[in-house]
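# Observations on the three-dimensional arrangement
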Amino acid sequence: MLLASVLWVGCHPEPEELVVNEQMLVGTWVYSNNPKEHWRFDADKRGETWDLSDDVQEGEGTRFNWSTAGSKLMIDLYGEMGQHVYYDYTVISQSEHDLTYQDIYGNTRSFTKK
């Protein structure tokens with residue numbers, strides 16, 4: 001009986017890894033902890049982020065490219081001086097209207113689609 005229980009636990013399938021749905025990602029997202037912070041993901045894998053609390057409007061923000069691989073969301077921000085800042089996130093939940101991802105340090109950020 002002990003052997004059967006060990007085999008059953010050992011053969012338990014791992015939960016499936018979330019795969020980012022790129023079509024659901026396209027659009028403008030608002031950061032839940034700061035509703036003035038916006039991230040717009042465009043279908044051509046480009047985007048823009050802006051923060052109204054810094055008096056930065058859409059069209060004046062920081063541009064970026066984005067890509068996905070499985071549950072990963074990679075963002076390449078272009079700074080004002082031409083520098084690139086790379087972000088590598090793991091999407092932990094995604095729906096048509098909600099998005100939550102985690103950075104490499106375990107910090108999570110949640111967004112709602114505008």
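Residues numbered from 1 in each chain as written. Predicted model: local features only at pLDDT ≥ 70, side-chain atom pairs only at ≥ 80, totals over all residues. Heavy atoms only, no water.

For the rest of this paragraph, the subject is the packing of aromatic side chains. In this structure the tally under the stated criterion is seven aromatic pairs. Centre to centre, the rings of Trp39 and Phe64 are 5.4 Å apart; their planes meet at 50°, and the pair counts as tilted. Of this pair, Trp39 sits in strand β2 (residues 37–41) while Phe64 sits in strand β4 (residues 62–69), and the two are 25 residues apart along the sequence. Each member of the pair, Trp39 as well as Phe64, carries the same accessibility label: buried. Members of the aromatic cluster, connected to one another through ring pairs, are Tyr31, Tyr87, Tyr89, Tyr101 and Phe111. The ring of Trp66 has Lys45 sitting right over it, with the charged end atom 5.5 Å from the ring centre. (Phe/Tyr/Trp six-rings, centres within 6.5 Å; stacked < 30°, edge-to-face > 60°. Helix = DSSP H or I, 4+ residues; strand = E, 2+ residues; numbered from the N terminus. Buried < 20%, exposed > 50% of the residue type's maximum accessible area, 1.4 Å probe, protein only. Lys NZ or Arg CZ within 6 Å of the ring centre and 35° of its normal.)

On to the pairing of β4. Relative to β4, strand β3 (residues 46–51) is paired through four bridges, and the arrangement is antiparallel. The residue bridging Glu48 from the neighbouring strand is Arg63, located in β4. Across six bridges, β4 lies against strand β5 (residues 72–78) in antiparallel orientation. Considered in β5, the bridge of Trp66 is made with Ile75. Taken together, β4 and the strand that follows it, β5, pair antiparallel across an intervening segment of two residues, in which Gly70 is found at a positive phi of about 65°. (Pairing = 2+ DSSP bridges.)

Once that is clear, we can look at the sheet that holds strand β1 (residues 27–31). Sheet architecture is closed into a barrel: eight strands sit in the order β1-β2-β3-β4-β5-β6-β7-β8, paired in antiparallel fashion. The average undirected angle you get between the axes of adjacent strands in this sheet is 35°. Relative to strand β6 (residues 84–94), β5 runs antiparallel, the two being bridged by seven bridges. Each residue of the ladder has a partner; that of Leu73, found in β6, is Tyr89. (Axes fitted to C-alpha atoms, helices over the stretch in contact; angles between N-to-C directions.)

Judged by nonpolar contacts, the single largest core of 16 residues is most densely connected at Leu25, Phe41, Leu73 and Ile75. Secondary structure elements with two or more residues in this core: β1, β2, β4, β5, β6 and β7 (98–102). When residues in this core are grouped by element, the largest group, three residues, is from β5. (Core = buried A, V, L, I, M, F, W, Y, C linked by side-chain atoms within 4.5 Å.)

The next thing to look at is the pairing of strand β8 (residues 108–113). Here β1 runs beside β8; their pairing, made up of three bridges, is antiparallel. Residue Tyr31 lies in a different strand from β8, and its bridge partner there is Phe111. The pairing of β7 with β8 spans five bridges and is antiparallel. Within β8, the residue paired with Gln102 across the bridge is Thr108. Between β7 and β8, which follow one another and run antiparallel, lie five residues, and Gly106 among them has a positive phi close to 90°.

Another point: the pattern of salt bridges. Scanning the model with the defined rule gives seven salt bridges in all. Its salt-bridge partner being Lys45, residue Glu22 comes within 3.2 Å of it at the nearest N-O pair. Here Glu22, found in helix α2 (residues 22–25), pairs with Lys45, found in the loop between β2 and β3; they are 23 residues apart in sequence, far enough to count as distant. The partly exposed category is assigned to Lys45, whose relative accessible area is 31%. Put simply, Glu58 and Arg40 hold a salt bridge, and the shortest N to O gap is 2.9 Å. Highlighted residues: Glu58 in the loop between β3 and β4 and Arg40 in strand β2, separated in sequence by 18 residues. For Glu58, a relative accessible area of 45% corresponds to the partly exposed category. Using a relative accessible area of 16% as the deciding quantity, one classes Arg40 as buried. (Salt bridge = Lys/Arg side-chain N within 4 Å of Asp/Glu carboxyl O.)

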